[in-house]
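Residue strings, one per chain:
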Number of protein chains: 2
Amino acid sequence: MNYFSSDFKLGILGGGQLGKMLLYNTRKFDIYTAVLDASNEAPCKIACDQFQLGDLMDYNAVYNFGKQVDVLTFEIENINVDALEALEKEGVKVYPSSKTLRTIQNKATQKLFYVDHDLPTAPFTRFAYTSEIKEALNNGGLTLPFVWKSAQFGYDGTGVKIVKSADDLTDLPNVECIAESLVPFKNELSVIVSRSASGEIKTYPVVEMEFHPEANQVEYVICPARIPDEIAKKAEDVALRTSQAFNHVGLLAVEMFQTQDDEILINEVAPRPHNSGHQTIEASYTSQFEQHIRAILDLPLGRTDNKVGGVMVNLVGAEGYSGNVIYENIETIMKMDGVTPHIYGKKQTRPFRKMGHVTIVNEDLNEARRVAEQVKNSIKVISE
Amino acid sequence: MNYFSSDFKLGILGGGQLGKMLLYNTRKFDIYTAVLDASNEAPCKIACDQFQLGDLMDYNAVYNFGKQVDVLTFEIENINVDALEALEKEGVKVYPSSKTLRTIQNKATQKLFYVDHDLPTAPFTRFAYTSEIKEALNNGGLTLPFVWKSAQFGYDGTGVKIVKSADDLTDLPNVECIAESLVPFKNELSVIVSRSASGEIKTYPVVEMEFHPEANQVEYVICPARIPDEIAKKAEDVALRTSQAFNHVGLLAVEMFQTQDDEILINEVAPRPHNSGHQTIEASYTSQFEQHIRAILDLPLGRTDNKVGGVMVNLVGAEGYSGNVIYENIETIMKMDGVTPHIYGKKQTRPFRKMGHVTIVNEDLNEARRVAEQVKNSIKVISE
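Residues numbered from 1 in each chain as written. Chains lettered and ligands numbered in written order. Predicted model: local features only at pLDDT ≥ 70, side-chain atom pairs only at ≥ 80, totals over all residues. Heavy atoms only, no water.

Trainee: Help me understand the sheet that holds strand β5 (residues 93–94) of chain B in this model?
Mentor: Backbone hydrogen bonds are what pair the strands of a sheet, in a parallel or an antiparallel way. All names here are of chain B. Read from one edge of the open sheet, five strands run β3-β2-β1-β4-β5, paired in parallel fashion. The open sheet has two free edges, formed respectively by β3 (50–53) and β5, since each of these has just one partner strand. Across the face of the sheet, helix α2 (residues 59–66) comes into contact with β1 (10–13), β2 (33–37), β3 and β4 (71–74) while running at roughly 175° to β2. (Pairing = 2+ DSSP bridges. Helix = DSSP H or I, 4+ residues; strand = E, 2+ residues; numbered from the N terminus. Contact = heavy atoms within 4.5 Å. Axes fitted to C-alpha atoms, helices over the stretch in contact; angles between N-to-C directions.)

Trainee: What is the right way to read the UniProt feature "binding site: ATP" (unreviewed entry) in chain A from this model?
Mentor: Residue and element names in this part refer to chain A. In the numbering used here, UniProt assigns the feature "binding site: ATP" (unreviewed entry) to K107, K149, E180, S181, L182, V183, E188, N267 and E268. Relative to the assigned elements, S181 resides in strand β9 (residues 177–181). The partly exposed category is assigned to S181, whose relative accessible area is 31%. In contact with S181, not counting residues within four places along its chain, are A122, P123 and V147. (UniProt positions renumbered as here; feature names shortened; annotations may be inferred. Buried < 20%, exposed > 50% of the residue type's maximum accessible area, 1.4 Å probe, protein only.)

Trainee: Help me understand the relation of the copies chain B and chain A, please; the structure alone is not making it clear to me.
Mentor: A rotation about some axis, followed by a shift along it, carries one copy of the chain onto the other. Its rotation angle being 180°, the transformation that places chain B on chain A also includes 0.0 Å of axial translation and leaves an RMSD of 0.0 Å. Interpreted geometrically, this transformation is the action of a two-fold axis. Identified as the residue of chain B closest to the rotation axis by C-alpha distance is A47 of chain B, at 1.9 Å. Comparing contact sets, 100% of the residues at the interface of chain B also lie at the interface in chain A, consistent with an isologous, same-surface contact. (Least-squares fit on C-alpha atoms with pLDDT ≥ 70 in both.)

Trainee: Looking at this structure, I do not really get the domain arrangement of chain A. What am I missing?
Mentor: All names here are of chain A. Domain boundaries assigned for chain A yield domain 1 (10–94), domain 2 (123–181) and domain 3 (185–383). Each of domain 1 and domain 3 has a C-alpha centre, and the two are 24 Å apart. On the domain 3 side, the residues contacting the 17 residues of domain 1 number 18 residues. Together, L18, M21 and L22 form the three largest contributors to the area buried by domain 1 at its contact with domain 3, with a combined 32%. The salt bridge involving E77 is made with R272; its shortest N-O contact spans 2.9 Å. Those elements that place two or more of their residues in the side of domain 1 that touches domain 3 are α1 (17–28) and β4 (71–74). (Domains from an automatic or database assignment. Buried area = accessible area lost by both parts, 1.4 Å probe. Salt bridge = Lys/Arg side-chain N within 4 Å of Asp/Glu carboxyl O.)

Trainee: Sorry, what's going on with unusual backbone geometry here?
Mentor: All names here are of chain A. Residue P96 is reached from Y95 by a cis peptide bond, and omega for that bond is -10°. Here P96 lies in the loop between β5 (93–94) and α4 (98–105). The peptide bond linking C223 to P224 adopts the cis configuration, its omega dihedral lying at 0°. Position of P224 relative to the elements: it lies in the loop between β13 (218–223) and α7 (229–246). Positive phi values are uncommon outside glycine, yet A47 reaches one of about 90°. Assignment of secondary structure puts A47 in the loop between β2 (33–37) and β3 (50–53).

Trainee: Got a minute to help me understand the pattern of salt bridges in this structure?
Mentor: Pairing is possible between side chains that carry opposite charge, provided their charged atoms lie close to one another. Residues and elements named next belong to chain A. By the definition in use, this model includes 43 salt bridges over all chains. For E85, the salt bridge is made with K89, and the minimal N-O distance between the two is 3.5 Å. Placement of both E85 and K89 in helix α3 (residues 81–89) is noted, with a separation of four residues, approximately one turn of the helix. Note on E85: relative accessible area 27%, which makes it partly exposed. Taking the shortest distance from any N to any O, the salt bridge between E268 and K107 comes out at 3.7 Å. Taken together, the residues span a long stretch of sequence, with E268 in strand β15 (residues 264–270) and K107 in helix α5 (residues 107–116) at a distance of 161 residues. Counted as one network, the salt bridges with shared partners bring together E208, E210, R226, R369 and E373.

Trainee: It is not clear to me how the environment of V207 of chain A should be interpreted in this structure. Could you clarify?
Mentor: Residues and elements named next belong to chain A. Mapped onto the secondary structure, V207 falls in strand β12 (residues 207–211). By relative accessible area, V207 is classed as buried at 2%. Separated by 47 residues in sequence, V207 and V254 place their C-alpha atoms 11 Å apart. Once residues lying within four places of it in the same chain are set aside, the contact partners of V207 are E188, L189, S190, V221, I222, C223, A225, S276 and Q279.

Trainee: Would you mind showing me how to read the interface of chain B and chain A here?
Mentor: How large an interface is tends to be reported as the accessible area lost when its parts come together. If you look at the interface, chain B gives 43 residues, while chain A gives 43 residues. Across the chain B/chain A interface, buried area totals approximately 4,100 Å², and carbon plus sulfur atoms make up 55% of it. The interface formed by chain B and chain A contains four salt bridges. In this structure, R303 of chain B engages E363 of chain A in a salt bridge whose closest nitrogen and oxygen atoms are separated by 3.2 Å. Applying the counting rule to chain B against chain A returns 20 residue pairs in polar contact (both at pLDDT 80 or more). (Polar contact = N/O pair within 3.5 Å; in protein donor to acceptor, adjacent residues only side chain to side chain.)

Trainee: Honestly, the pairing of β4 of chain A in this entry has me stumped. Any pointers?
Mentor: Residue and element names in this part refer to chain A. Residues V71 and T73 point to one face of β4 and L72 and F74 to the other, with burial holding for every one of them. When strand β1 (residues 10–13) meets β4, the two strands line up parallel, connected through four bridges. In the strand pairing of β4, L10 is matched with V71. One ladder, built from two bridges, connects β4 with β5; its direction is parallel. When the sheet's bridge partners are listed, L72 is paired in β5 with V94.

What follows is the structure, given as structure tokens:
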């Protein structure tokens, strides 16, 4: 198929920030692109060729949209999978596939998939309802502490909880869930694997999520990770095997733990461009967004190594501020070497809301990390 | 002024390819952008926040558009300058200024500006009409050969001619023009200077236009130029002085000749992002498009050095093909290391029409140049 002709149409489900960054690349390649999103304010509304309003969880909305396009992809996981499956049966190329998305959408199914495919992940027990956990604790089938995870998406902020005592279960929704062993880890790592429709496969360098020592929050994404080569090799290998097990087409971000004894365990995966790959825009030979487009259109994949070292800092709303957003000291950070702010354009800030990200690149990764700390200490997302 | 707020509006005159590449950066910074262009098919029509139809040479169209914005810039030189001047008087920030554009729009005035400011350029004579040239030749005021250049824009393809005999004058339009000495040169160089509203100034590395030995056409733009440091220093110095002489705000691309005896002579300038800076998107710490936005909004300028070596190849329509465009072997070039095609999205090709460009980056500039030759020999812009 000639993607570079006006006969071809690419569909994107979801019109958020990730979609917006995909659209820069479809425009670069002059690929006609239609976007479906429920919000009339979606960032993708401008920059796509055709924008359609519709609920991504609604069968008919997704099905009718998909029937108009040649290749269909998504930038968010909350999508009606039955519609994707029907579209696949009728010849629409859906990448990543409905099968992959169905497996990933449910955390219990996702974990079982790893077990079935001999992929390393932390031990867990599956429960049909949270209420069943107490019994398991009582009869010794489960021991404290553990990580409770809702199986289904859509419980923003309430989907994960560390349970230290039976009392911690009280406020949790009574839904399908898993109880996962609490694994002490040295590092949280991520590898983005790109795989094209015809099976060409390339991994991005392992990145490291550096945590704030007290707040226990990811502060910096660092590429490449400052870990020994053999650990990097191990993480890349697990990520590659995961992508192959899914027969994945497109990007798969594989988040992993490096345990205290240097085991690699899969935490979870995302079948799309990912926060841990934003620095690829400035640091890599091929941005993750361009690579996703290459992969799903079965074009040759681009180089995934770095031109220079890259560090990414998320811009989140400061505590204590809600309302019309102001980026305090943005000019200060733009004075620093190799700093690029990406502002997502949300008009209202609130505590911890993701408002953008900042990439810092330098030929010397340690220097990039040093500047990233200055960025973090300078910019503040507040309100008027 | 808070550019990152919804109160601010940037206006761009011209909605072509350069504007499209600017818009990626205004979206990255979430800057509200309005575009004026005469064509309903303008590439900027999608991706800007507000699109307006109007003739850029029409006083009222430009004036009325400009009254709605806080900062006004342009991506093309053919603009009604009187309207820009009126807007400046009424407080709209116009960058680059109407005065600069007025000087540049007329090649005779532009050349006189260099002379007045002690900037090196090839000797020339100014004529009110082409018909006056013959007399000058007869009375010995002018000698053959020389380069005839129409003073005004808008004579696409007929604006420049090498005149070897009086007969060559016959077919030229009888307009204001200059006769410029034909200077034998070793290299054609270009330096893009960025200068912000408050006077911060940074130059991009000198680039080299490599010519096809037989066709005498620019084949490759190579960054940095493969010239001795002292020549690069000289070219940068001339470019810097030119930007300062104009009191320029925004980007100024200064095209120069390196003569046989290593003099640097200004050929012409463009007050906007330029073809000789396209490789900055992939090769530089800061793309020329981002830098233009930074400069006109008086934000700190970004680093202008290269992350890696960059080579740019223009994609032009092949001879003998007109009609619906096909990019033959585009997948072949996308397999090569560090290759990014930029397709401008024109649906119809014709011989020599500019349809896009391809950037090739590599840590080793010679390797990038080698791959660029493979690209040039592989891809062909033909028709169905």
